[in-house]
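Secondary and tertiary structure notes
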Amino acid sequence: MKIAVLGAGAMGCLYGGLLSIGDNEVWLIDIWKEHVNRINEKGLIIEDENGKKIIKNVQATIDTNDIGIVDLILVFVKSTITDKALKPVKNIIGENTLILTLQNGLGNIEKIQSVVGKKNIIAGTTSHGSTLLEPARIYHAGKGTTVIGEIDRENTERIQNLKEIFTKCKIETVITNNVLGVIWDKLLVNVGINAITALTELRNGELLDFKETEELLEIAVEEGINVSKAKKIILINEDPIEHTKKVCRLTTSNKSSMLQDIINKRKTEIEMINGAIVKEGERQGIKTPINLALTNLIKIKERN
Ligand code: NAD
């Protein structure tokens, strides 16, 4: 399969590197020249707790004219720029090119749809975690399942093929018939953890050490549950608040991605996470004051 990864940061490099085994031809697309050049010159380094691998079987580029039509685009830019990043790479999209988003937050499907239409979009979530250490070097922090699904269709042959290709590359993958439920499940976890850790600079597990942050987590997720119900989303987890706390415990020493973005003075995905709960809540006539407060406070922090 000919695969392009749009946004070769922490996660793009991880999936690009994993998919590079076997018959796949993998192209990493990024705007960061130093990173792209180093991958092409010295290979992509993926480290984990067992050591490091150098992947030479990938090509990186900032110019999609080098690539030609691909079978799959895996979108891994930050969700704030999904549509902006996809527009200039339309030259590698053919009639049957699948576009897969495993990004966090709400709105990626709609942004991709605004550029290429809905027909070939596949969405999902990932439980892998990755950190970019320096150009061409990432740390594979956490391992887990990749869940993929058609947007408004049941299981198809193309998604089954995708699952097989991922599985061959040792990416444990399952197919869901309720991809929106899966995306909302992950969204609610991020709603409960990301902004509060970014504002308090606490690690994930530490949110449960203080009754004040635990209470905020509970209300933020509760507001999200109310919005999801109004939108008739069928959540997978029966108790998203308890599930979010479980994730806090499982990732106890992690700094959330939003906290890392704030520390590194990068734009966060707040608009697609707590901000999305506020926006969807307005559409459904449901008040979400805690998510509004968290969103506005993060925006102020970003500006400063
Ligand atoms: P990242 O910042 O490490 O990578 C994004 C990459 O996109 C960067 O290398 C950047 O240079 C590149 N980029 C920016 N503009 C571009 C453009 N116009 N065209 C092409 N490339 C461009 O981010 P990440 O941590 O890999 O996260 C990507 C997505 O995956 C986010 O939605 C995030 O929430 C989600 N996610 C991340 C993790 C994680 O552990 N890092 C886990 C699950 C989900």
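Residues numbered from 1 in each chain as written. Predicted model: local features only at pLDDT ≥ 70, side-chain atom pairs only at ≥ 80, totals over all residues. Heavy atoms only, no water.

Points about the sheet that holds strand β1 (residues 2–6)
Reading across from one edge, β5-β2-β1-β6-β7-β8-β11-β12 is the order of the eight strands in this open sheet, with mixed pairing throughout. In this open sheet, the two edge strands, each paired with only one partner strand, are β5 (58–61) and β12 (173–175). Averaged over all adjacent pairs, the angle separating strand axes in this sheet is 25 degrees, with direction ignored. Strand direction decides the pairing type here: strand β2 (residues 25–29) and β5, joined by four bridges, are parallel. What sits directly across from Ile29, in β5, is Thr61. (Pairing = 2+ DSSP bridges. Helix = DSSP H or I, 4+ residues; strand = E, 2+ residues; numbered from the N terminus. Axes fitted to C-alpha atoms, helices over the stretch in contact; angles between N-to-C directions.)

A closer look at the packing of helix α7 (residues 211–230) against helix α8 (residues 240–250)
One can describe the packing of α7 onto α8 by two numbers: an axis separation of 9 Å at closest approach and a directional angle of 135 degrees. Considered as vectors, α7 and α8 are oriented oblique to each other. For the pair α7 and α8, the sense of crossing is right-handed. The segment α7 lies against α8, with Glu214, Leu217, Glu218, Val221, Glu222 and Ile225 engaging Pro240, Ile241, Thr244, Lys245 and Cys248. Across the contact of α7 with α8, the residue classes break down as six nonpolar, one polar and four charged. (Parallel < 35°, antiparallel > 145°, perpendicular 65-115°, else oblique. Left-handed = near helix turned anticlockwise from the far one by under 90°. Contact = heavy atoms within 4.5 Å. Nonpolar A, V, L, I, M, F, W, Y, C, P; charged D, E, K, R; others polar.)

Quick notes on the UniProt feature "domain: Ketopantoate reductase N-terminal" (unreviewed entry) in the chain
In the numbering used here, UniProt assigns the "domain: Ketopantoate reductase N-terminal" (unreviewed entry) feature to residues 3–152. For residues 3–152, the end-to-end C-alpha separation is 24 Å, with 23% helix and 41% strand making up the annotated structure. (UniProt positions renumbered as here; feature names shortened; annotations may be inferred.)

Here's the deal with the sheet that holds strand β9 (residues 129–134)
With mixed pairing, four strands are arranged side by side in an open sheet as β4-β3-β10-β9. Of all the strands in the sheet, the pair left with one neighbour each is β4 (51–55) and β9. Along the sheet, successive strands turn relative to each other by an average axial angle of 25 degrees, direction set aside. Sheet contacts for helix α1 (residues 10–19): β3 (44–48), β4, β9 and β10 (137–142); angle to β9, the most-contacted strand, approximately 105 degrees.

Observations regarding the domain arrangement of the chain
We note that the domain assignment places domain 1 (2–177) and domain 2 (181–303) within the chain. Once you take the C-alpha centre of each, domain 1 and domain 2 turn out to be 25 Å apart. Each partner contributes residues to the interface: domain 1 has 15 residues there, and domain 2 has 15 residues. When the two sides are added together, the surface that domain 1 and domain 2 hide from each other amounts to roughly 1400 Å², 62% of it contributed by carbon and sulfur. By the criterion of area lost to domain 2, the three top residues of domain 1 are Lys78, Asn104 and Leu106, representing 45% of everything that side buries. A salt bridge links Lys78 to Asp261, with the shortest nitrogen-to-oxygen separation between them at 3.3 Å. Linking domain 1 with domain 2 are five residue pairs in polar contact (both at pLDDT 80 or more), by the criterion used here. Mapped onto the side of domain 1 that touches domain 2, the elements with two or more residues apiece are α4 (108–116) and β8 (121–126). In terms of residues, the side of domain 1 that touches domain 2 owes the most to one element, β8, which gives four residues. (Domains from an automatic or database assignment. Buried area = accessible area lost by both parts, 1.4 Å probe. Salt bridge = Lys/Arg side-chain N within 4 Å of Asp/Glu carboxyl O. Polar contact = N/O pair within 3.5 Å; in protein donor to acceptor, adjacent residues only side chain to side chain.)

Points about the UniProt feature "domain: Ketopantoate reductase C-terminal" (unreviewed entry) in the chain
Those residues carrying the UniProt feature "domain: Ketopantoate reductase C-terminal" (unreviewed entry) are residues 178–302 in this numbering. A helix fraction of 68% and a strand fraction of 0% characterise residues 178–302, whose end C-alpha atoms lie 34 Å from each other.

Some details on the site of the ligand
Of all residues adjacent to the ligand, which total 23 residues, the nearest are Ala10, Met11, Asp30, Ser130 and Glu269. Asp30 places a polar side-chain atom, nitrogen or oxygen, 2.6 Å from an oxygen atom of the ligand. At 2.6 Å, a side-chain N or O of Glu269 approaches an oxygen atom of the ligand. Expressed as a share of its isolated accessible area of 830 Å², the protein-covered part of the ligand is 83%. Of all elements in the fold, only α1 and β9 reach the threshold of two or more residues within the shell around the ligand. Of the residues assigned to the shell around the ligand, the class counts are 10 nonpolar, nine polar and four charged. (Near = heavy atom within 4 Å. Areas by Shrake-Rupley, 256 points an atom, 1.4 Å probe, with all protein chains shown as cover.)

Looking at the packing of aromatic side chains
Summed over the entire model, instances satisfying the criterion amount to two aromatic pairs. When the ring of Tyr15 is compared with that of Phe76, the centres are 5.3 Å apart and the planes differ by 45 degrees; the resulting orientation is tilted. Highlighted residues: Tyr15 in helix α1 and Phe76 in the loop between β6 (70–75) and α3 (82–86), separated in sequence by 61 residues. With respect to burial, Tyr15 and Phe76 carry one shared label: buried. Their ring planes at 50 degrees and their centres at 6.3 Å tell us that Tyr15 and Phe166 sit as a pair that is tilted. Residue Tyr15 is located in helix α1, and its partner Phe166 is located in helix α5 (residues 157–168); the two are separated by 151 residues in the primary sequence. Residue classification places Tyr15 among the buried residues on the basis of a relative accessible area of 0%. Residue class for Phe166 comes out buried when judged on its relative accessible area of 0%. Feature note: the residues Tyr15, Phe76 and Phe166 constitute an aromatic cluster, connected by ring pairs. (Phe/Tyr/Trp six-rings, centres within 6.5 Å; stacked < 30°, edge-to-face > 60°. Buried < 20%, exposed > 50% of the residue type's maximum accessible area, 1.4 Å probe, protein only.)

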